[in-house]
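Each chain, letter by letter, is given below.
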Amino acid sequence: MASIQSALTDADWMKLSADLSSQIGELRARAVVLDLTLMDVMDSFATRVLRTLAQTVTLRGAQTILVGIQPDVAIAMVQLGLAQRLDGILTALNLEHGLDMAEALV
Amino acid sequence: MKLDTLTISEDEVISRKDFLEFRDDDLKALVDAHEMAQTYAEPVIEDFYQYLLSFSHGRSFFQDPVVLARVKQAQKNYFLDLTRGDYGPEYVKNRLRIGAVHQRIGLPFQTYLGMYNWYLRNVANRFFEAYADNPGHALKLLLSLTKLVFFDVGLAMEVYLRTIEEQQEAIKELSTPVLQLREGLLILPIVGALNSARARQLTEQLLRAIASRRAKMVVMDVTGVPAVDSKVANHLVQTVAASRLMGATVIVTGLTPEVAQALVAIGVDLSSVKTAGDLQSGIEEAELLLGYRVVKVETAP
Amino acid sequence: MSQEYQRVPIKSEADIVLARQGGRRLAAELGFSSTDQTLLATAISELARNVVQYAGTGEVLLSAIAIGSRRGIQVSAMDQGPGISDPELAMRDGYSTGGSLGLGLPGTRRLADDFSLVTVLGEGTTVTFKMWVR
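Residues numbered from 1 in each chain as written. Chains lettered and ligands numbered in written order. Predicted model: local features only at pLDDT ≥ 70, side-chain atom pairs only at ≥ 80, totals over all residues.

Moving on: the overall build of chain B. Of the regular secondary structure elements, chain B holds twelve helices and five strands. Across the 301 residues in chain B, those meeting the buried criterion constitute 25%. Residue pairs at least 24 apart in sequence account for 79% of intrachain contacts in chain B once pairs closer than 6 positions are excluded. (Helix = DSSP H or I, 4+ residues; strand = E, 2+ residues; numbered from the N terminus. Buried ≥ 20, exposed ≤ 12 C-beta atoms within 10 Å, placed from the backbone. Contact = placed C-beta atoms within 7 Å.)

Check the secondary structure of chain C and you find four helices and five strands. Each helix and strand of chain C, placed in order from N terminus to C terminus, yields the pattern β-α-α-β-β-α-α-β-β. A buried classification covers 40% of the 134 residues belonging to chain C. For chain C, restricting intrachain contacts to residue pairs at least 6 apart in sequence, the fraction spanning at least 24 positions comes to 64%.

If you check helix α10 (residues 230–245) of chain B, its first and last C-alpha atoms are 23 Å apart, about what 16 residues at 1.5 Å a residue would give, namely 22 Å. Every buried residue belonging to α10(B) is among B:Val232, B:Ala233, B:Leu236, B:Val237, B:Thr239, B:Val240, B:Ala241, B:Ala242, B:Ser243, B:Arg244 and B:Leu245, and all of these are buried. Those residues of α10(B) that are buried are in contact with α3 (71–79) and β4 (90–92) of chain A together with α9 (196–213), β3 (217–224), β4 (249–253) and α11 (257–265) of chain B. Directly after α10(B), the chain includes B:Gly247, whose backbone phi takes a positive value near 85 degrees. (Expected span 1.5 Å × (residues − 1).)

Turning next to the pairing of β3(B). All names here are of chain B. Of all eight residues in β3, six are buried, a share of seventy percent or more. Here strand β2 (residues 185–191) runs beside β3; their pairing, made up of six bridges, is parallel. Bridge pairing links Leu-186 to Val-218 in β3. A crossover links β2 with its parallel partner β3, the connecting element being α9, and its sense is right-handed. Of the strand pairs in this sheet, β3 and β4 are connected by five bridges, and their pairing is parallel. Residue pairing for β4: Val-219 is matched across the bridge by Ile-251. After leaving β3, the chain enters α10 and then returns to the sheet as β4, a path that is right-handed. (Pairing = 2+ DSSP bridges. Right-handed = clockwise from strand over helix to strand, strands pointing away.)

One widely used convention gives an interface's size as the accessible area the parts lose upon coming together. Taken together, the contact pairs 21 residues of chain C with 20 residues of chain A. Mapped onto the side of chain C that touches chain A, the elements with two or more residues apiece are α1 (13–30), α2 (34–55) and α4 (104–111) of chain C. A per-element tally of the side of chain C that touches chain A places α2(C) first, with nine residues. Within the side of chain C that touches chain A, the residues separate by chemical class into seven nonpolar, eight polar and six charged. (Nonpolar A, V, L, I, M, F, W, Y, C, P; charged D, E, K, R; others polar.)

Take the confidence of the model for chain B next. On average, residues of chain B carry a pLDDT of 86, and 93% of them reach 70 or more. The least confident element of chain B is helix α4 (residues 56–59) of chain B, whose mean pLDDT is 76; the most confident is β4(B), at 95. (pLDDT = per-residue confidence, 0-100.)

Counting residues in hydrophobic clusters, the biggest one holds 98 residues, and the most contacted among them are A:Ala74, A:Met77, B:Ile210, B:Val218, C:Ala48 and C:Val60. Top element by residues in this core is α2(C). It accounts for nine residues. Contacts of A:Met77, omitting those with residues within four sequence positions, involve A:Met42, A:Thr47, A:Leu82, A:Ala83 and B:Leu245. (Core = buried A, V, L, I, M, F, W, Y, C linked by C-beta atoms within 7 Å.)

Moving on, we come to the packing of α3(A) against α9(B). If you want to describe how two helices pack, look at the angle between their axes and the distance between the axes. Viewed as axis vectors pointing N to C, α3(A) and α9(B) meet at an angle of 135 degrees, and their least axial separation amounts to 9 Å. Regarding the angle of α3(A) to α9(B), the classification is oblique. Considering only the axes of α3(A) and α9(B), their crossing is right-handed. Between α3(A) and α9(B), the residues in contact are A:Pro71, A:Ala74 and A:Ile75 and B:Thr203, B:Glu204, B:Leu207, B:Arg208 and B:Ala211, respectively. Taken together, the residues of the contact of α3(A) with α9(B) sort by class into five nonpolar, one polar and two charged. (Axes fitted to C-alpha atoms, helices over the stretch in contact; angles between N-to-C directions. Parallel < 35°, antiparallel > 145°, perpendicular 65-115°, else oblique. Left-handed = near helix turned anticlockwise from the far one by under 90°.)

What follows concerns the sheet that holds β4(A). The strands making up a sheet associate through backbone hydrogen bonding, with each pair oriented either parallel or antiparallel. Residue and element names in this part refer to chain A. One open sheet holds the four strands; their spatial order is β1-β2-β3-β4, and the pairing between them is parallel. For this open sheet the edge positions go to β1 (2–3) and β4, each flanked by a neighbour on one side alone. In this structure, β1 lies alongside strand β2 (residues 31–35), joined through two bridges in parallel fashion. By the bridge assignment, Ala-2 is partnered in β2 with Leu-34. Each of β2, β3 (63–67) and β4 touches helix α4 (residues 95–105); the most contacted strand, β3, lies at about 165 degrees to it.

This is how it looks when you write it as structure tokens:
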């Protein structure tokens, strides 16, 4: 499980991505829950990082669940055409729903 | 219309006066006419109400003599303000406030315009009488007054326009209630035409409801939408996609197979949209996905 | 139209965050809805990122604009970078030379009320758009 802060720089994103993919291996995780509650903007860069991350997670035999995307952010992502780039990645309203979903997967 | 939301910035006031070419010499001409205005204020008001009360819609507003007396006094002050020379923020606030009062008592905008036009005509005659030897000056004064009157009309119109906008917002909200059928399941029956503004507002409303009611499923019924064209369909697709980002699945009901086929034919990608024939089957499917099982309850004999 | 603008120099990735925060703040002051504040911040983020990615440095200008009682924001992202060799292609969904999703420019155009792209090869690029309070 990783919680993401509101104003991540590009370098932060890259580090998070690297940390997570190495931890999945070490911990033999089956699901990665990413909490985006605090993100006030999801632009194409952040979306691409998430997509790449999800692909890596899938290759390691685990699933990614994105939780906490806020209504305003969801609208902006759809309008920018970013939403469909996350097709196939699981989503849940909040951390609680996301963890329930993860448990069902394990 | 709430008064505290009713403001116009100083920049805006300046730009409006600028556009009307309301300048210092206009201000001076009006101030110079203030003494004269005081002499005709009383008779003009009397004539004004005689004129107003000769129309049935005018009479309907002033049936109470006490109210009438108070309104006459306020009206006299209103007209005298036109030559007091202070057309700053206080003046604007006052004009907006009066507009709000008109709007609240339901005075039609046409009546307001008619009343102001009567006043202008009446005062014009008095100007030309007072400056019979200098009609040029009377005309100059009248033009200055006309600028100020149009400035007033612009302010009054602002109140009416904003009220209409507020009412439209309220109607839009009322027309699409987001209903919670049971825990985790929302129903959104859309009735009426769906333009971009309404679709946007509807999406925002739905997403906030998903968050506040912790919904996992939404049944969106479009039976009441008269024409589902590609534009409307794209709005639906976007609403579905945004809901999904928030972890909620949307089932669209009320799309006839013919309409769905036609949409696909013109290139709308409906592949990401779950559909069900009618509201009832949509709800059943949603309940199934939520893990609810519908069982028949035997009633006691 | 009144003119009053705020300038955010873009020198590194960290400035992208500053630019969009500045835009959001201005939008909130002008009465943008929270959804529209987010749309604006996202669009600014896209343009500022393009500046960093393709030109290295540049700047974002944020101006409060008005026509009558309509309020809005104009955003310009400018750089003295290499310019865009095929602007029409750059406006197409999914096209990218920088390994991105290629949605920044076309996406911004979709959600802005007014969009223009001026680019001169070897001299730089300026992207401008407006959004109005609605």
